[in-house]
Amino acid sequence: MSNTFDLNKILRPHIISLAPYSSARDEYTGHTGIFLDANENPYGSATTENYNRYPDPYQAEIKQKLIALKNISSERIFLGNGSDEPIDLLTRATCTPGQDHVIIMPPTYGMYEVSASIHDVKIDKVSLTTDFQIDAESVIAAITPLTKIIWICSPNNPTGNVMQHEAIQTILENFNGLVVVDEAYVDFTDTPTWIQHLDTYPNLVVLQTFSKAWGLAGIRVGMCFASAEIVKILNKIKPPYNISLPAQKALLEGLDSVDKKDKMVAEILKERSSLCNMLQDLSLVIKIYPSDANFLLVQFEDAKAIMDYLIHETIIVRDRSRVHLCEGCLRITVGTKEENEVLIETLKKYQQKGVIV
Ligand SMILES: Cc1ncc(COP(=O)(O)O)c(C=O)c1O
């Protein structure tokens, strides 16, 4: 099969003909005037700062800043309430419940499966190889006429590695549905983004997020980059004001502080390497997987006991020990220098005393 992608063939028919909600702020986009169109409170807010006006539904100011930063035109940018929102919207736009399929490659980020399950969409799993790479041949063999989305996470959560370019390219060229490359952790790797290939592959969708490198997980904003026609569909089916006013304000401020983000990323990369070195010296560590993300996947002698011990010491890591191909592993987010040192000291204590909790 070679790619003859036609968006209308993979959209659910009722989505193509759907008339979207027209919000008050769709009809007039000016900033000045007497606004009596949206049933807002004209006096201000119960809080000190005013939030009485609805936010820009299409976040024009933010997209203006992203154009230069991501080297992409604004009609190819969609912003969601976290990147979890475009994950949900892409599923909804293309997959008919009880009928259509998506392909995921475990071990990977859990929301692709959860989102499919919420919509009663069938999930075909094609395992990553034992070195956590894509088995492109098996993925292509798993495609059926009912497959609408193939989810790829690169760098992958929870394994931390980047997926080989050729494998993603092969899938893009041999699938007529959407290939979504989730780059939530792209700022922590030297591997270039797939955004630059959007012109070549009309079925490519790239996800990124403000939750990791930018340190803005609390405001819930994710980015989705795709063809203008895919973005149009996402805009059509999203809730009208999906990015709140406080989130938009924080984001505008954050986007003017690229230097601060870059400094934090540099610090995290330095700490990732030093945490890796310190963990390597511990005898209870069996293996540390190479990471292109802001976390390490670490295999321990007795992951469950260490997890319990760390929780007892109020250090919270993520237990991935029962996840396919990650047996015996904990996923450890790179913390500050001080946090990482406390983690290592705590693990040393466990090692020395054989602590039982
Ligand atoms: C691979 C991946 N994609 C998406 C997300 C969700 O990001 P957001 O906070 O933008 O919803 C995460 C969160 O951990 C993630 O690991």
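Residues numbered from 1 in each chain as written. Predicted model: local features only at pLDDT ≥ 70, side-chain atom pairs only at ≥ 80, totals over all residues. Heavy atoms only, no water.

1. Quick word on the side chain of Ser291
Positionally, Ser291 belongs in the loop between β8 (285–288) and β9 (295–300). Exposure remark for Ser291: the relative accessible area of 13% places this residue in the buried category. For Ser291, the side chain forms a polar contact with the main-chain nitrogen of Ala293, separated by 3.0 Å. Here the side chain of Ser291 touches Phe295 through a polar contact of 2.6 Å, landing on its backbone oxygen. Sequence-distant contacts of Ser291, that is, excluding residues within four places in its chain, are made with Gly160, Arg272 and Leu296. (Helix = DSSP H or I, 4+ residues; strand = E, 2+ residues; numbered from the N terminus. Buried < 20%, exposed > 50% of the residue type's maximum accessible area, 1.4 Å probe, protein only. Polar contact = N/O pair within 3.5 Å; in protein donor to acceptor, adjacent residues only side chain to side chain. Contact = heavy atoms within 4.5 Å.)

2. Let's talk about the site of the ligand
Lining the immediate surroundings of the ligand are 13 residues, of which Ser83, Asp182, Tyr185, Thr209 and Ser211 lie closest. Contact between the ligand and Tyr185: an oxygen atom at 2.7 Å from a side-chain N or O atom of the residue. Between the ligand and the protein, one listed contact pairs an oxygen atom with a side-chain N or O atom of Thr209 at 2.6 Å. A total of 400 Å² of accessible area belongs to the ligand in isolation, and the protein chains cover 91% of it. Per-class residue counts for the shell around the ligand are 4 nonpolar, 5 polar and 4 charged. (Near = heavy atom within 4 Å. Areas by Shrake-Rupley, 256 points an atom, 1.4 Å probe, with all protein chains shown as cover. Nonpolar A, V, L, I, M, F, W, Y, C, P; charged D, E, K, R; others polar.)

3. Describing the packing of aromatic side chains
Applying the stated criterion across every chain, the model contains 7 aromatic pairs. When the ring of Tyr309 is compared with that of Tyr350, the centres are 4.9 Å apart and the planes differ by 45°; the resulting orientation is tilted. In this pair, Tyr309 sits in helix α12 (residues 303–312) while Tyr350 sits in helix α13 (residues 337–353), placing the two residues 41 residues apart along the sequence. Of the two residues, Tyr309 and Tyr350, neither departs from the other in class, the shared state being buried. One cation-aromatic arrangement involves Arg331 over Phe295; the distance from NZ or CZ to the ring centre is 5.6 Å. (Phe/Tyr/Trp six-rings, centres within 6.5 Å; stacked < 30°, edge-to-face > 60°. Lys NZ or Arg CZ within 6 Å of the ring centre and 35° of its normal.)

4. Here we look at the packing of α12 against α13
The interhelical angle for the contact between α12 and α13, taken along N-to-C directions, is 120°, at an axis separation of 11 Å. When the axis of α12 is compared with that of α13, the two are oblique. The handedness of the crossing between α12 and α13 comes out as right-handed. Across the interface between the two elements, Ala305, Ile306, Tyr309 and Leu310 from α12 touch Leu343, Thr346, Leu347, Lys349 and Tyr350 from α13. For the contact of α12 with α13, the residue count by class is 7 nonpolar, 1 polar and 1 charged. (Axes fitted to C-alpha atoms, helices over the stretch in contact; angles between N-to-C directions. Parallel < 35°, antiparallel > 145°, perpendicular 65-115°, else oblique. Left-handed = near helix turned anticlockwise from the far one by under 90°.)

5. Quick notes on unusual backbone geometry
A cis geometry characterises the amide bond from Ser154 onward to Pro155, with omega recorded as -5°. Structurally, Pro155 can be placed in the loop between β4 (147–153) and α8 (165–173). The peptide bond linking Asn157 to Pro158 adopts the cis configuration, its omega dihedral lying at 15°. One non-glycine residue, Gln59, adopts positive backbone phi at about 50°.

6. A word on the sheet that holds strand β7 (residues 222–225)
The strand order β1-β7-β6-β5-β4-β2-β3 describes an open sheet built from 7 strands, whose pairing is mixed. Each having just a single partner strand, β1 (77–80) and β3 (122–125) make up the two edges of the open sheet. Neighbour to neighbour, the strand axes of the sheet diverge by 25° on average, direction disregarded. In this sheet, β4 lies alongside strand β2 (residues 101–104) in parallel orientation, the contact comprising 3 bridges. When the bridges of β4 are listed, Val102 appears paired with Ile149. In the packing of helix α5 (residues 84–94) onto the sheet, the strands contacted are β1, β4, β5 (178–182), β6 (204–209) and β7, and the crossing angle to β4 comes to about 160°. (Pairing = 2+ DSSP bridges.)

7. Looking at the sheet that holds β8
Taken in spatial order, the 4 strands make up an open sheet running β8-β9-β11-β10, and their pairing is antiparallel. Sheet topology places β8 and β10 (318–319) at the edges, where each strand pairs with a single neighbour. The pairing of β10 with strand β11 (residues 329–333) spans 2 bridges and is classified as antiparallel. Among the inter-strand pairings, Arg318 is bridged to a residue of β11, identified as Arg331. Most of the contacts of α12 go to β11, to which it runs at about 35°, and overall it touches β9, β10 and β11.

8. Digging into helix α6 (residues 111–118)
If you check which residues of α6 are buried, you get Tyr112, Ser115 and Ala116. Along the axis of α6, the buried residues cluster in a sector spanning 100°; they form a single face. On the buried face of α6, the contacting elements are α5, β2, β3, β4 and β5. Looking one or two places after α6, you find Asp120, whose phi comes out positive at around 55°. (Arc of directions from axis to C-beta.)

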